[in-house]
Amino acid sequence: MIKILPAIGSVLALGIATFLFYQAKIQPISAATLHQASESNSQRLSKKTATPSHGRKSHQAPLLDQLNRIVKSSNSFDRELFSSVLAKLTRTHAAAAADYVASIPTGPIREEALRSLARIWISLDAANAELWAVSLPDELERQSAIADLCTQLAGSDAGQALIIAEKHGITTQLTTFTENLTQQWASQDFSAAARWIKARPAGESRDQMIMRLAFVQSSNQPAEAARLVVEEISAGETQTEAVISVIHQWGRHDMLGAREWVALFPASPLRTRAESELSSIATHQGNEP
C-alpha cells in the first residue's frame, strides 16, 4: 500500500478500511516514424475515401468554389458558413475536403479548417479521420488535429479518445487534456476507466489520472474514493490534493462521514487543512462548523 505521508499513511488506510466495514502500452509514435508512414497513410486514405462516381464528383466543384469565395471574401471570415460548407464536402468526399484544407496557406483560416475537418470527419469515419490526422507532415498541426479528433470523440467514447491520444503521444504533450479525457471516461464508464488507468506505468501522469477517477467517484462513493487515493497514488503533492478533493466532495454530501474519516488522521498539516476544508463547507451550507 502506498502511504500518503510516512507518519499517517497506515493510519489513514486503516481508517478507510474500518469505515468501509461499518458502512457496509503503447509507446508514442516518433516524428520519424510518422513521416515514413505519411505517404502510405495518404495512399490508403485516398483508396478508402475516393469515389468513382462522376455524379458525386460533379457536386464537389460548387462546394469548392463556395469555400474559396468564403476564404477570399473581402468581408470578415464567416467561420460558421465555412464549417457548414466544409462539412457538406466532407460527407460527400472526405479526401477532397482534406486536399482542399491542405491547400490553404498557413494562418488562422487554415487552423480553423483543420479543426473543423477533424471534428466533422471523426463523427463520420473515425478510422480514416485518424489516418488523415497522423499523416499530416507538420508536427504541430498533427498534434492539434489528433487532439481535436479526440475532443470530438470524447463526447460519445472518451475511453477510445484517450487510447488514441496515448497511441500518438498526445498524453505526454498535453497533460491537462489527458486528465479531462480521463474524467469524461470515468463519468461514462468508471469500471473500464479504472481498469485501464490502474494498468498504466507508475508515475505522475498515472497519479493525475487516478485523482480524476477519485473526483468522479467521490460524488457517490466517497469512502471508496478515499481508499483509491490512499492505495493508488504515490505520496506527495498530488496525493495530498486528491485527499482534499475527496474530502471536499464528501463533506458537501455527507459531513458526518467526512468528519469521521478526517478524525482518524494523526495531527499533521494535512489534518489541519482537511478540518479547515470541512469547516468552510459547513459555514457555506449554513451549518455549525
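Located above this text is the structure these notes cover.
The shown structure was predicted, so the numbers you read here are calculated from the model rather than taken from an experiment.

This paragraph deals with the overall build of the protein. Counting its regular elements, the protein contains 17 helices and zero strands. Across the 289 residues of the protein, 46% fall into the buried class. Just so you have it, the protein exposes about 14900 Å², and 52% of that area is on carbon and sulfur atoms.

So, about the packing of helix 11 (residues 175-188) against helix 12 (residues 190-198). Geometry of a packed helix pair, given as the angle between the helix axes and the separation of the axes. Between helix 11 and helix 12, the least distance of the axes is 5 Å, while the angle of their chain directions is 135°. Considering their axes alone, helix 11 and helix 12 lie oblique with respect to each other. For the pair helix 11 and helix 12, the contacting residues are Thr 182, Trp 185, Ala 186 and Gln 188 in the first and Phe 190, Ala 192, Ala 193, Trp 196 and Ile 197 in the second.

For the structure shown, the criterion picks out eleven salt bridges. Where Arg 227 meets Glu 224, a salt bridge forms, and the shortest distance between an N and an O atom there is 2.8 Å. Of the two residues, Arg 227 and Glu 224 are both situated in helix 14 (residues 222-232); the distance of three residues between them amounts to about one turn of the helix. Take Arg 227: its relative accessible area is 30%, and that puts it in the partly exposed class. A relative accessible area of 27% places Glu 224 in the partly exposed class. Linked by salt bridges that have partners in common, Arg 79, Glu 112 and Arg 115 make up one network.

The next thing to look at is the packing of aromatic side chains. Counted by the stated rule, this structure contains five aromatic pairs. An angle of 55° between the planes, with centres 5.6 Å apart, marks the rings of Trp 185 and Trp 196 as tilted. With Trp 185 in helix 11 and Trp 196 in helix 12, the pair connects residues that are eleven residues apart, well separated along the chain. Taken together, a centroid distance of 4.9 Å and an interplanar angle of 90° make the contact between Trp 261 and Phe 265 edge-to-face.

Considered for burial, the residues of helix 12 that qualify are Ala 192, Ala 193, Ala 194, Trp 196 and Ile 197. Taken together, the buried residues of helix 12 touch helix 9 (139-167), helix 11 and helix 13 (204-217).

Our focus in this paragraph is the side chain of His 168. Along the chain, His 168 turns up in the loop between helix 9 and helix 10 (170-173). Separated by 2.7 Å, the side chains of His 168 and Glu 130 make a polar contact.

Here the focus is the nonpolar core. By size, the foremost hydrophobic cluster in this structure holds 76 residues, and its most contacted members are Trp 132 and Ile 247. When residues of this core are assigned to their parent elements, the largest contribution, twelve residues, is made by helix 9. Ile 247 has contacts with Trp 261, Val 262, Phe 265, Ala 274, Glu 277, Leu 278 and Ile 281, leaving out every residue within four places of it along the chain.

Taking 1.5 Å as the rise per residue, helix 9 with 29 residues should run 42 Å; its terminal C-alpha atoms sit only 15 Å apart, a clear shortfall. Helix geometry: helix 9 is bent most strongly at Asp 157, by close to 140°. The N-cap residue of helix 9 is Asp 138: its side-chain oxygen and the backbone nitrogen of Leu 140 are 3.1 Å apart.

All right, on to the side chain of Gln 217 then. Mapped onto the elements of the fold, Gln 217 is located in helix 13. Residue class for Gln 217 comes out buried when judged on its relative accessible area of 9%. Separated by 3.4 Å, the side chain of Gln 217 and the backbone nitrogen of Ala 225 make a polar contact. Discounting chain neighbours no more than four positions away, the residues touching Gln 217 are Phe 190, Pro 222, Glu 224, Ala 225 and Leu 228.

So, how was this worked out
- Residues numbered from 1 in each chain as written.
- Predicted model: local features only at pLDDT ≥ 70, side-chain atom pairs only at ≥ 80, totals over all residues.
- Heavy atoms only, no water.
- Helix = DSSP H or I, 4+ residues; strand = E, 2+ residues; numbered from the N terminus.
- Buried < 20%, exposed > 50% of the residue type's maximum accessible area, 1.4 Å probe, protein only.
- Areas by Shrake-Rupley, 256 points an atom, 1.4 Å probe, with all protein chains shown as cover.
- Axes fitted to C-alpha atoms, helices over the stretch in contact; angles between N-to-C directions.
- Parallel < 35°, antiparallel > 145°, perpendicular 65-115°, else oblique.
- Contact = heavy atoms within 4.5 Å.
- Salt bridge = Lys/Arg side-chain N within 4 Å of Asp/Glu carboxyl O.
- Phe/Tyr/Trp six-rings, centres within 6.5 Å; stacked < 30°, edge-to-face > 60°.
- Polar contact = N/O pair within 3.5 Å; in protein donor to acceptor, adjacent residues only side chain to side chain.
- Core = buried A, V, L, I, M, F, W, Y, C linked by side-chain atoms within 4.5 Å.
- Expected span 1.5 Å × (residues − 1).
- Bend = angle between axes of the 7 residues up to and from the residue.

Structural measurements only, silent on function.
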